[in-house]
Amino acid sequence: RGVVSVYPGHGSKGPANAEQTTRRLPHPIPACIIVSFYRQPELVPPLFRSLLAIRRELKLAKTRVLFINDSPEDAALARELRACSEARDELALDVWTNERNLGFLGSVNRALEACVARREDAILLNSDTIVFPGAIKELRAVAYTDPLIGFVSPRSNNATICTLPASSGNALLTPEEGYRRFREASAALPRVSYAPTAVGFCLHIKWPLLSELGLFDPLYGRGYNEENDLIMRANRSGYRAALANWAFVWHEGETSFSKSRETRDVLEERNARILGERYPEYAGLVAEYLSSPEYRAEALLDGLRTDDAGKRGIAFDFTSFGTYHNGTFEAGKRLLAAASRAWPANLRIQVLMGVEAWQFHEREGLPGVTRVEPAAEQR
């Protein structure tokens, strides 16, 4: 149905540069990126610069931007938002200032009401994010690959089930390094993955769902799990959530609520209880997804990462080898020798093996093969 973009420079698929893909999206629905800021003026410039850099992509995707000042008494935040408005160039940017603090849900629901009235899709974006080229275009395209997709999130360095590669260390990566690792891993994935939910750090929502099913429930207070509630509500009506595997948005994490009156743990505990009481199927769906072959395969993609020399590591687990001979050890040694001869030069072959067994089985001197102490902490 319509146009399917193929991004150059990423094998046969995946994100490259949005400026290289100029064909229009196969749908006429406009969209609005909604960002609510609560204090923390230092978050404004990096996010604004990332959006300004993709203004042409946003224009082609019929997407405007709305910044909301939810702490009107914060003079520094007001200055940063005013500077954005003055420097917006061709970026379609509006800035709203609430008369008083409405909280995240109050601010976002007000903007979502405007989206419904204007018949616009909504893209919720956390204030501690950086949007990379191609992400919004791909996010919007994925949303319209299936009429029953109601919600789409991109991949990220730090966003629970959206994290790619799914490594605990990715939260500490710089935006550039996070994007590099994402590109390596995403080349192995299909364009779309279906999931039991999406993640609110960056969430595309089709406007008919908001018109039909309502907005975020104010019962969730200052945030957390409000998007899961809305997605579960839509799920019971047949809509689905999806992940756009070729779109990347960097997420710092744990900053959006860091200035709030309530701590993250208190918010999560209270709101998780509300969600579980309303949608008892939620926990089971998430558990099933996390144990699925697809998700477990994603967790292995971190192994595709290359080192500074452009090589990928392959580890042979010979930790069971002892200082004696048997058929299993002989088969392993032959396989290792064959790999040393025949495998490509861009692979780094390592053997997890104790030093005594290594010397007993005379593995020293195999070209391109190194021993790693089984107790070593390296991954």
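Report follows, based on the coordinates. Quick caveat, the model's predicted, so the values are computed rather than measured.

## Some details on the packing of aromatic side chains
So, step 1. Tallied over the entire structure, the rule returns 12 aromatic pairs.
So, step 2. Aromatic pair Phe-37 and Phe-67: ring centres 5.1 Å apart, planes at 80°, arrangement edge-to-face. Of this pair, Phe-37 sits in strand E1 (residues 31-37) while Phe-67 is found in strand E2 (residues 63-69), placing the two residues 30 residues apart along the sequence. Of the two residues, Phe-37 and Phe-67, neither departs from the other in class, the shared state being buried.
So, step 3. Connected via pairs of aromatic rings, a cluster forms that spans Phe-316, Phe-318, Phe-321, Tyr-324, Phe-329 and Trp-343.
So, step 4. Cation over ring: Lys-206 sits above Tyr-144, and NZ or CZ is 4.6 Å from the ring centre.
So, step 5. A cation over a ring is seen here: Arg-222 above Tyr-38, with NZ or CZ 5.7 Å from the ring centre.

## Overview of the pairing of strand E9 (residues 240-251)
So, step 1. Most of E9 sits inside the fold, with 11 of its 12 residues counted as buried.
So, step 2. Pairing of strand E5 (residues 129-131) with E9 involves 3 bridges; the strand directions are antiparallel. Across the sheet, residue Ile-130 finds its bridge partner in E9, namely Trp-250.
So, step 3. Where strand E6 (residues 149-155) meets E9, 6 bridges bridge the pair, whose relative direction is parallel. Across the sheet, the residue bridging to Ile-149 is Arg-240, located in E9.
So, step 4. Strand direction decides the pairing type here: strand E7 (residues 192-195) and E9, joined by 4 bridges, are antiparallel. Pairing of Ser-193 across the sheet is with Leu-243, part of E9.

About the thresholds
Residues numbered from 1 in each chain as written. Predicted model: local features only at pLDDT ≥ 70, side-chain atom pairs only at ≥ 80, totals over all residues. Heavy atoms only, no water. Phe/Tyr/Trp six-rings, centres within 6.5 Å; stacked < 30°, edge-to-face > 60°. Helix = DSSP H or I, 4+ residues; strand = E, 2+ residues; numbered from the N terminus. Buried < 20%, exposed > 50% of the residue type's maximum accessible area, 1.4 Å probe, protein only. Lys NZ or Arg CZ within 6 Å of the ring centre and 35° of its normal. Pairing = 2+ DSSP bridges.

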